Amino acid sequence: LVIAKGNVPTMRVALIQMAPSADRDANIAQAQKLVADAVKAENPVLVVLPEVWSCLGGTAETKHASAEQLPAPGESGGPLYEALRAMAKEHGIWVHGGSIGETVSGEGKDKLANTSLIFDPHGNECGRYRKIHLFDVVTPNGDGYRESDNYVPGDSVEVVDISGVPTGLAICYDLRFAELFLALRAADVAMIILPAAFTQQTGEAHWEILIRARAIETQAWVIACGTAGWHTDAAGNERQTYGHSMIVNPWGEVVLKLGGEAAWGTADLDFDQVRQVRERMPIQANRQLI
């Protein structure tokens, strides 16, 4: 582990569990209020927003209208980019911006990437990650999802330094692919941040199990921040996301769990736990290639 024994930081992290709609401006206002409330009450070092909080539901046209092309780090961006940057600067905190729709060009047709952005307390962009695994499934109740109709996948594993802590990045459906998390463990991350918009059905069945499993496998803190509540899809159907955002320690214990509504919550992460768990059970050293 990169963090030296005897100089182990702790970090207060706030989960910003939102109930977004397809209205980008309303979603920005909701995010700003929840972040401000959390900062005022608990003074976290890092806040984490959920997946696609900027536009959940709506038509393909709405998703494209709510997305934006991202600037090169250090340059000015669109409303979403600048809203996240402003939250970091105003409150003097690290901001993991969940994920937003990023406009990308390819083969003559614009598509979107599902992209996370990280800002430091001065408003500098310190990392970005595009969701690798796209959600093309049919859930147990028969609802179909085709994320690849509007989004292109990312193709790189990303690690970012957040206040001295090596941090792995993932988004939602990535949670089901253990090989990504093993790659992050090989990169020696001490925490992994996963914004999500899990469906109610898959969330009830697998959300907590998978998050705890990934924490146990990687022996790292896992910070999973989801959307909650109802939204309307392109066909006018009402769909529900699961919420229940949580933070799990390197031994697989849940130290924070929210409910099914818009809310925020905080937990203090002790990174000495990472060192202790890895020293006592050296999984990485014992690993055999099969």
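For the structure, check the block above.
Report follows, based on the coordinates. Position labels on residues start from 1 in each chain and follow its written sequence. Predicted model: local features are reported for residues with pLDDT of at least 70 only, side-chain atom pairs are reported and counted for 80 or more only, and whole-chain, interface and lining totals are derived from all residues. As a rule here, side-chain values come from all non-hydrogen atoms in the structure, and water together with hydrogens is ignored.

A closer look at the overall build of the chain
Right, on to step 1. In this description a helix means any DSSP run of H or I spanning at least four residues, a strand means any run of E spanning at least two, and both kinds are numbered starting from the N terminus. Along the backbone of the chain there are 7 helices and 17 strands.
Right, on to step 2. Scaling as 2.2 N^0.38, a compact globule of 290 residues should have a C-alpha radius of gyration of about 19 Å, and the chain matches this with 18 Å.
Right, on to step 3. Taking the principal axes of its C-alpha atoms as reference, the chain extends roughly 50 × 45 × 40 Å.
Right, on to step 4. With 290 residues in all, the chain has 53% of them scored as buried.
Right, on to step 5. Partitioning the intrachain contacts of the chain with sequence separation of at least 6 by distance along the chain shows that 69% fall at a separation of at least 24.
Right, on to step 6. His is not counted here, nor are the chain ends, while Lys and Arg score as positive and Asp and Glu score as negative. Each charge is placed at NZ for Lys, CZ for Arg, CG for Asp and CD for Glu. Measuring between centres, the 24 positive side-chain charges of the chain sit 4 Å from its 36 negative side-chain charges. Our radius of gyration is a C-alpha quantity, and the globule rule it is checked against amounts to 2.2 Å times the number of residues to the power 0.38. A 1.4 Å probe rolled over the protein chains alone gives each residue an accessible area, and that area as a share of the maximum for its type sets the label: buried under 20%, exposed over 50%, partly exposed in between. Working rule for contacts: check all heavy atoms of both residues, and any pair within 4.5 Å makes them a contact.

Brief notes about the state of the cysteines
Right, on to step 1. A pair of cysteine sulfur atoms is labelled a disulfide when the two atoms are within 2.5 Å. For the structure on display, the rule yields 0 disulfides.
Right, on to step 2. Cysteine 55 takes part in no disulfide bond, and the closest cysteine sulfur, belonging to cysteine 172, lies 15 Å away.
Right, on to step 3. Cysteine 55 sits in the buried class, given a relative accessible area of 6%.
Right, on to step 4. Looking at cysteine 126, it has no disulfide partner, and the nearest cysteine sulfur is the one in cysteine 225, 19 Å off.

Topic: empty space enclosed by the protein
Right, on to step 1. Both site types are read off a 1 Å grid over the protein atoms alone. A 1.4 Å probe that fits but cannot get out defines a cavity, while an open set with protein on both sides within 12 Å along at least five of seven lines defines a pocket; lining residues have an atom within 4 Å of a point. Grid points are joined across faces, edges and corners, and a volume is the space filled by probe spheres set on the points. Using the criterion set out here, one finds 1 cavity of 30 Å³ or more in the structure.
Right, on to step 2. Computed from the structure, the largest cavity encloses a volume of approximately 50 Å³.
Right, on to step 3. Taken together, Val52, Ser54, Cys55, Lys63, Ser66, Ala67, Gly101, Leu112 and Tyr151 make up the full set of residues lining the largest cavity.
Right, on to step 4. Residue classes in the lining of the largest cavity are distributed as 5 nonpolar, 3 polar and 1 charged. Classes in brief: Ala, Val, Leu, Ile, Met, Phe, Trp, Tyr, Cys and Pro nonpolar; Asp, Glu, Lys and Arg charged; the others, Gly included, polar.

Thoughts on the pattern of salt bridges
Right, on to step 1. Counted as salt bridges are all cases of a side-chain nitrogen of Lys or Arg within 4 Å of a carboxyl oxygen of Asp or Glu. Tallying each qualifying case throughout the model produces 18 salt bridges.
Right, on to step 2. Of the charged contacts, one joins arginine 278 and aspartate 188 as a salt bridge, the two residues approaching to 3.2 Å between their closest N and O atoms. Residue arginine 278 is located in helix H6 (residues 272-280), and its partner aspartate 188 is located in the loop between helix H4 (178-186) and strand E11 (191-196); the two are separated by 90 residues in the primary sequence.
Right, on to step 3. For arginine 278, a relative accessible area of 9% puts it in the buried group.
Right, on to step 4. Of the charged contacts, one joins arginine 212 and glutamate 208 as a salt bridge, the two residues approaching to 3.8 Å between their closest N and O atoms. With arginine 212 and glutamate 208 both in helix H5 (residues 200-218), this residue pair falls 4 residues apart, about one helical turn.

Considerations on the packing of aromatic side chains
Right, on to step 1. Planes of paired rings set the category: under 30 degrees apart is stacked, over 60 is edge-to-face and the rest tilted, where pairs are Phe, Tyr or Trp rings (Trp by its six-membered ring) whose centres lie within 6.5 Å. In the structure shown here, the tally under the stated rule is 5 aromatic pairs.
Right, on to step 2. An angle of 50° between the planes, with centres 5.3 Å apart, marks the rings of phenylalanine 135 and tyrosine 145 as tilted. With a gap of 10 residues between them, phenylalanine 135 in the loop between strand E6 (125-130) and strand E7 (136-138) and tyrosine 145 in strand E8 (residues 144-146) connect regions that are remote in the sequence. Taken as a pair, phenylalanine 135 and tyrosine 145 share a single burial class, namely buried.
Right, on to step 3. Site record: aromatic cluster; members linked through ring pairs are Phe135, Tyr145, Tyr173 and Phe177.
Right, on to step 4. Over the aromatic face of phenylalanine 181 sits the side chain of arginine 214, whose NZ or CZ is 5.8 Å from the ring centroid. Here, over-ring charges are defined by two tests on the NZ atom of lysine or the CZ atom of arginine: distance to the ring centre within 6 Å, and angle to the ring normal within 35 degrees.

Some details on the pairing of E11
Right, on to step 1. The element E11 is largely enclosed, with a buried count of 6 among its 6 residues.
Right, on to step 2. The side-chain alternation of E11 yields two buried faces, one formed by Met191, Ile193 and Pro195 and the other by Ile192, Leu194 and Ala196.
Right, on to step 3. Bridging between strand E10 (residues 165-169) and E11 involves 3 bridges; their strand directions are parallel. Note that in E11 the partner of threonine 167 across the bridge is methionine 191.
Right, on to step 4. For the crossover that starts at E10, traverses H4 and ends in the parallel E11, the hand is right-handed.
Right, on to step 5. For two strands to pair, DSSP has to find at least two bridges joining them. Alignment of E11 against strand E12 (residues 221-226), held across 6 bridges, turns out to be parallel. Note on E12: the bridge partner recorded for leucine 194 is alanine 224.
Right, on to step 6. By convention, a crossover is right-handed whenever its connection, traced from the first strand over the helix to the second and viewed with the strands pointing away, goes clockwise. The handedness of the E11 to E12 crossover, carried by H5, is right-handed.

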